[in-house]
Amino acid sequence: MNQKDFSWKSSLLKEIDFYLVTDSGLSKKGTLSDVKDAVESGCRIVQYREKDKSTKEMVEEASEIKRICSGRAIFLVNDRIDVALAVDADGVHIGQDDMPVETARKLLGEDKIIGLSVNDREEAVLAEKSGTDYLGLGPIFDTATKKDAGKGIGSLKIREVKDAIKLPVVAIGGINKENCESVIQNGADSLVAISAVVCSDDVKRETKYFIDMIQRIKKHE
Ligand code: 3NM
């Protein structure tokens, strides 16, 4: 069994409910406003995902997000290990085509969190061996938010992945208020709903909706 199964990071991540991923292209009120609102509503993990800004702008925004999250939420940076290091974020979330987890680990050290995106059970099993701390599994449903995400795998696949590994699984892709219950019922430890939250007029209300739903279902399991 992988020694990471027992790490404080895995235990901590299994306690997380709603996971905010930022998207400045979709956001109604802007990334910083979304982070503030989500954290004030009880969101305990934030991933800064920014594809359109310069490195300088990203470092500035990431330091603001770090300040907002401080003592309240885990703060991760998507893909950009340099930005994560520059602001001393809590970790990174990387994809299959990014730097290998082992290399990212060397750069970041043992105390930082590394999450990896996987699409199926095979990738999940390999990811667990690589020393990642949690998995992002998706897309669960079809999504327009990430153009190259591919077709939704369906929420039953979550159970298949959970049965094969011990790491926390965060479900992502096309999740909204209508389909979110099946995601948690099928074993996801946490979920991301980008457009369902940042396109809304009230990020606080939507975040709270997801947190309450997840806690209610987990309590009855
Ligand atoms: N990653 P929405 S799907 C950023 O499958 C991202 O790895 C995915 O946005 C993956 O909640 C996705 O609006 C977009 O569908 C999720």
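Structure shown above.
Residues numbered from 1 in each chain as written. Predicted model: local features only at pLDDT ≥ 70, side-chain atom pairs only at ≥ 80, totals over all residues. Heavy atoms only, no water.

S.K.: Would you mind showing me how to read the pairing of strand S6 (residues 134-137) here?
M.R.: Here S6 shows two buried faces, one formed by Tyr134 and Gly136 and the other by Leu135 and Leu137. In terms of handedness, the path from strand S5 (residues 113-118) via helix H6 (residues 121-130) over to S6 forms a crossover that is right-handed. As paired strands, S6 and strand S7 (residues 169-171) are joined by three bridges and run parallel to one another. Considered in S7, the bridge of Gly136 is made with Val170. Between the parallel pair S6 and S7, the chain is carried across by helix H7 (residues 156-164), and the sense of this crossover is right-handed. (Buried < 20%, exposed > 50% of the residue type's maximum accessible area, 1.4 Å probe, protein only. Helix = DSSP H or I, 4+ residues; strand = E, 2+ residues; numbered from the N terminus. Right-handed = clockwise from strand over helix to strand, strands pointing away. Pairing = 2+ DSSP bridges.)

S.K.: Got a minute to help me understand the packing of aromatic side chains in this structure?
M.R.: Pairs of aromatic rings are described using the distance from one ring centre to the other and the angle between the two planes. Under the criterion given, the structure shown has three aromatic pairs. An angle of 20° between the planes, with centres 5.5 Å apart, marks the rings of Phe18 and Phe210 as stacked. Within this pair, whereas Phe18 is found in the loop between helix H1 (8-14) and strand S1 (20-21), its partner Phe210 is found in helix H10 (residues 203-219), the two being separated by 192 residues in sequence. Phe210 carries the same exposure label as Phe18, and that label is buried. (Phe/Tyr/Trp six-rings, centres within 6.5 Å; stacked < 30°, edge-to-face > 60°.)

S.K.: Where do I start with the nonpolar core in this structure?
M.R.: General note: in soluble globular proteins, nonpolar side chains tend to be found buried as a group. Grouped together as the largest cluster of nonpolar side chains are 67 residues, with contacts concentrated most on Phe18, Leu20, Val46, Phe75 and Leu191. Ranked by residues supplied to this core, first place goes to H10 with six residues. Discounting residues that sit within four places of it in the chain, Phe18 has contacts with Cys43, Arg44, Ile45, Ser190, Leu191, Ala193, Val197, Thr207, Phe210, Ile211 and Ile214. (Core = buried A, V, L, I, M, F, W, Y, C linked by side-chain atoms within 4.5 Å. Contact = heavy atoms within 4.5 Å.)

S.K.: Any chance you could explain the site of the ligand here in plain terms?
M.R.: What surrounds the ligand is the set Arg49, Gly138, Pro139, Thr143, Thr145, Lys146, Ile172, Gly173, Gly174, Ala193, Ile194 and Ser195. Between the ligand and the protein, one listed contact pairs an oxygen atom with a backbone N or O atom of Pro139 at 2.9 Å. In the environment of the ligand, an oxygen atom lies 2.5 Å from a nitrogen or oxygen atom belonging to the side chain of Thr145. Alone, the ligand offers 430 Å² of accessible surface; in the complex the protein occludes 94% of this. Of the residues in the shell around the ligand, the class split is four nonpolar, six polar and two charged. (Near = heavy atom within 4 Å. Polar contact = N/O pair within 3.5 Å; in protein donor to acceptor, adjacent residues only side chain to side chain. Areas by Shrake-Rupley, 256 points an atom, 1.4 Å probe, with all protein chains shown as cover. Nonpolar A, V, L, I, M, F, W, Y, C, P; charged D, E, K, R; others polar.)

None of the figures reported here should be taken as evidence of function without further support.
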